[in-house]
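# Close look at the chain arrangement
Spelled out from the first residue to the last, the chains are:
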Amino acid sequence: MSGLLALLDDVAGIAKVAAASVDDVAGQAAKAGAKAAGAVIDDAAVTPKYIQGFAPARELPIIWRIAKGSFKNKLLYLLPVALLLSSFAPWAIPPLLMLGGAYLCFEGAEKIAHLLFPHPPDPQEAQKAPQDATHLEEQKASGAIKTDFILSAEIMTIALSEIPHSTVWMDAATLAVVGIGITVVVYGSVALIVKADDVGLLMAEQGRFSLTRHVGRGVVKAMPGVLKLLMIVGTAAMLWVGGSIIVHGLEQLGFGWLGHRIHDLAMAVAGTVSEQFRGAVQWLSTAAMDGLFGLVLGMGLIPLAKGVITPVWQKVVAVFP
């Protein structure tokens, strides 16, 4: 009997350790996922454009296809690379993180540049023969998965930088939770956004009560504005997160002047309000200055990307298709 009690006590101890480990993984994953907010919001904002133009019956299958590609990107490709970097080349994480931050700044600035200086439509594109639906779906899904790979790499790198280094299994579990959780949130949100107008139209046309029909019409009318707001929030989040990554990376490399200056200015602004609001005002001021820095940096990267990086990449792809 005493042996059985001892065994049960050991099992209970193992269960407590396992539960604590699960709590640690969940807590670390939540913290890391919050830090990757900019890339996550951008991922959710970018994906709906790949669904435009398809029949409603094909929207959810295409989203599921892109989501499966995203799972594969994060769990089969990026997670092992992240673990190898963490174990054998941790010094490479800050530069890679800064490279991803620069990409976020470029993407955000390019969206603003397109808004301020829209390009006329390409006449050659307009003259191209229309593609069949199957080929177009294949092309759109492949493009979305490639875009997801870049954003997923940024998300996983940010998550890796926020995880306190532990055992390789704990790091792997945390990154897996981050990857799965973010993918579910992003593509679940995309599915809701894409189908919201169909649901609203159904409510407006077939609702049994006048309130249901009224709500349905409101949903249909609101969706264009919701998509536009999501794009604005995604762009602002990219510039804020990208700028903050670069500023923090410069501090790690010994160039802390900009980060200290932003901190001092944010403290000065926070000092002008009552004490109960100072924390929020300091955070908002820091985010705004990080975002402004990200915008300036991104605008400076646009000609470099257009004139140097893109032509070089096109030549590489031509040589190694």
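Residues numbered from 1 in each chain as written. Predicted model: local features only at pLDDT ≥ 70, side-chain atom pairs only at ≥ 80, totals over all residues. Heavy atoms only, no water.

### Observations regarding the overall build of the chain
Helix and strand counts for the chain stand at ten helices and zero strands. Traced from its N-terminal end to its C-terminal end, the chain shows the element sequence α-α-α-α-α-α-α-α-α-α. With 321 residues in all, the chain has 35% of them scored as buried. Once local pairs closer than 6 in sequence are excluded, the contacts in the chain between residues at least 24 apart make up 79%. (Helix = DSSP H or I, 4+ residues; strand = E, 2+ residues; numbered from the N terminus. Buried < 20%, exposed > 50% of the residue type's maximum accessible area, 1.4 Å probe, protein only. Contact = heavy atoms within 4.5 Å.)

### Some details on the nonpolar core
Ranked by internal contacts, the top residues of the largest apolar core, which has 26 residues, are Ile63, Ile66, Leu79, Leu175 and Tyr187. Those elements that provide at least two residues to this core are helix H3 (56-88), helix H6 (133-162) and helix H7 (168-206). (Core = buried A, V, L, I, M, F, W, Y, C linked by side-chain atoms within 4.5 Å.)

### A short note on the pattern of salt bridges
Summed over the entire model, instances satisfying the criterion amount to five salt bridges. Residues Arg65 and Glu138 are paired through a salt bridge, measuring 2.4 Å at the closest nitrogen-oxygen approach. In this pair, Arg65 is assigned in helix H3 and Glu138 in helix H6, connecting sequence segments 73 residues apart. Owing to a relative accessible area of 29%, Arg65 belongs among the partly exposed residues under this scheme. Classification of Glu138 by relative accessible area gives partly exposed; the value is 38%. (Salt bridge = Lys/Arg side-chain N within 4 Å of Asp/Glu carboxyl O.)

### Quick word on the packing of aromatic side chains
Taken as a whole and judged by the stated rule, the model has one aromatic pair. Between Trp240 and Trp283 the ring centres are 5.5 Å apart and the planes differ by 70 degrees, which places this aromatic pair in the edge-to-face class. Residue Trp240 is located in helix H8 (residues 210-252), and its partner Trp283 is located in helix H10 (residues 275-319); the two are separated by 43 residues in the primary sequence. Looking at Trp283, the relative accessible area reads 49%, which means it is partly exposed. (Phe/Tyr/Trp six-rings, centres within 6.5 Å; stacked < 30°, edge-to-face > 60°.)

### Re a nonpolar patch on the surface
A surface patch of nonpolar side chains, about 560 Å² in accessible area, is lined by Leu304, Val308, Ile309, Val312, Trp313 and Val316. Position of Trp313 among the secondary structure elements: in helix H10. Under the relative-accessibility criterion, Trp313 is labelled exposed at 57%. (Patch = residues over 30% accessible without salt bridge, like charges linked within 9 Å, V, L, I, M, F, W, Y side chains within 5 Å. Areas by Shrake-Rupley, 256 points an atom, 1.4 Å probe, with all protein chains shown as cover.)

### Brief notes about the packing of H7 against H8
At a closest axis distance of 6 Å, the pairing of H7 and H8 adopts a crossing angle of 160 degrees. One way to sum up the angle between H7 and H8 is to call them roughly antiparallel. By crossing handedness, the relation of H7 to H8 is classed as left-handed. Of H8, the residues touching H7 (which contributes Ile193, Ala196, Asp197, Gly200, Leu201, Met203 and Ala204) are Thr212, Arg213, Val215, Gly216, Arg217, Val219, Val220, Met223, Leu227 and Leu230. (Axes fitted to C-alpha atoms, helices over the stretch in contact; angles between N-to-C directions. Parallel < 35°, antiparallel > 145°, perpendicular 65-115°, else oblique. Left-handed = near helix turned anticlockwise from the far one by under 90°.)

### Digging into the environment of His248
Within the secondary structure, His248 is located in helix H8. As a C-alpha pair, His248 and Gly259 span eleven residues in sequence and 6.9 Å in three-dimensional space.

### Quick notes on H8
Between its terminal C-alpha atoms H8 stretches 60 Å, which fits the 63 Å expected from 43 residues at 1.5 Å a residue. Its maximal kink placed at Ala222, H8 deviates by approximately 40 degrees, while the proline Pro224 follows within four residues. Where H8 ends, the next residue or the one after it, Gly254, has phi of about 95 degrees, a positive value. (Expected span 1.5 Å × (residues − 1). Bend = angle between axes of the 7 residues up to and from the residue.)

### Side note on the side chain of Ser70
Position of Ser70 among the secondary structure elements: in helix H3. A distance of 2.9 Å separates polar atoms of two side chains, one belonging to Ser70 and the other to Asp148. Setting aside anything within four residues of it in sequence, one finds Ser70 in contact with Asp148, Ser152, Thr183 and Tyr187. (Polar contact = N/O pair within 3.5 Å; in protein donor to acceptor, adjacent residues only side chain to side chain.)

### Quick notes on the environment of Ile62
Along the chain, Ile62 falls in helix H3. Overall, Ile62 belongs to the buried group, its relative accessible area being 1%.

### Points about the confidence of the model for the chain
The pLDDT averaged across the chain works out to 77; a share of 77% of its residues lies at or above 70. Across the chain, the element-wise mean pLDDT spans from 42 in helix H1 (residues 2-35) up to 92 in helix H9 (residues 257-270). (pLDDT = per-residue confidence, 0-100.)

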